[in-house]
Amino acid sequence: MIHHHPADDLLLGLAAGDLTGGVSVLTASHVETCTYCRERLRTLEIAGGLLLEDLAPATLSADALARTMAAIDAPLPPSAAATTGARLPPPPEGMKWPQALGDCTATAWRWIGPGMRWSRVTVPSDPAAKVFLLRIGAGRKLAMHTHAGMELTQVLYGRFHDGRDLFGEGDFDETDSTVHHQPEVLASGECICLAYVGGEMVFKGMLARTLGALMGM
Ligand SMILES: [Zn+2]
């Protein structure tokens, strides 16, 4: 059961092909598993179609929405599906990487602290985007931090609580500089998230800042 969804501006941006690569990968990785957001996208597509009639042709091609929807609906070509696993670190048993990561490459899991590993993800259309996978052990906490810009998180596996709410598999979270949080993985099992950080992550405390520097955040 998915409880947390991307806001309409992200869904609209995805439909219009308007999002930068990192934001697009995060949003698409949610939509591909969420029936509610797929329906919402279709509604926005209809609304967008009406809106497009009022826009200058140079702003958006009339078939941009249709093409994006077709791309979201289309299964991965066999060649891409076959190579996705090889270019991403091994997921835990029974978990698959989102199709949205199909074009991306990622480093092997790297140690950043006890029970914590991360992998830097490179999005070909937006190589500078700070996109990464976090793999945090059962009961572990991330350092308390806030953000200089937008932070997007898609839960791929397991569950965490960050003092505001519980986020489980399939849930999407958007935070910014108004949110100070400390995600803590539930004791029941490890958690893997796909994350995008638009600005700097601002950690409290020296050890946390060192970890932040290690991750290039
Ligand atoms: Zn959703």
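What counts and how
- Residues numbered from 1 in each chain as written.
- Predicted model: local features only at pLDDT ≥ 70, side-chain atom pairs only at ≥ 80, totals over all residues.
- Heavy atoms only, no water.
- Salt bridge = Lys/Arg side-chain N within 4 Å of Asp/Glu carboxyl O.
- Buried < 20%, exposed > 50% of the residue type's maximum accessible area, 1.4 Å probe, protein only.
- Pairing = 2+ DSSP bridges.
- Helix = DSSP H or I, 4+ residues; strand = E, 2+ residues; numbered from the N terminus.
- pLDDT = per-residue confidence, 0-100.
- Contact = heavy atoms within 4.5 Å.
- Donors = N, O, S within 2.8 Å, 3.2 Å for Na, K, Ca; no water.

Trainee: Which residues make up the pattern of salt bridges, and what values go with them?
Mentor: Going through the model one piece at a time under the given rule, you end up with 4 salt bridges. For Arg-164, the salt bridge identified is with Asp-162, shortest N-O distance 2.8 Å. When its relative accessible area of 39% is taken as the criterion, Arg-164 is described as partly exposed. Among the residues examined, Asp-162 registers a relative accessible area of 5% and is labelled buried.

Trainee: Lay out the sheet that holds strand E7 (residues 160-161) with the relevant residues and their values.
Mentor: Spatially, E8-E7-E10 is the arrangement adopted by the 3 strands of the open sheet, whose pairing is antiparallel. The open sheet terminates on both sides in strands that have one partner only, identified here as strand E8 (166-167) and strand E10 (184-185). Inspection of the sheet shows E7 paired to E10 by 2 bridges, in the antiparallel sense. Considered in E10, the bridge of Phe-160 is made with Val-185.

Trainee: So, the confidence of the model for the protein chain: which residues are in play, and what are the values?
Mentor: On average, residues of the protein chain carry a pLDDT of 82, and 72% of them reach 70 or more. Taken together, the stretch residues 77-82 has pLDDT below 50 and engages in 1 contact with residues farther than four places along the chain or on a different chain.

Trainee: Tell me about the environment of Thr-35, residues and numbers included.
Mentor: Position of Thr-35 among the secondary structure elements: in helix H3 (residues 35-52). Exposure remark for Thr-35: the relative accessible area of 59% places this residue in the exposed category. In sequence terms Thr-35 and Ile-2 are 33 residues apart; their C-alpha atoms lie 9.3 Å from each other.

Trainee: So what about the coordination of the zinc ion? Which residues, and what values?
Mentor: Bound to the zinc ion on the protein side are His-5 (ND1), His-30 (NE2), Cys-34 (SG) and Cys-37 (SG), at distances that span 2.0 to 2.3 Å. Between consecutive donors of the zinc ion, the numbers of intervening residues give the motif H-x24-H-x3-C-x2-C. This pair shows no difference in class: His-30 is buried, exactly as Cys-37 is.

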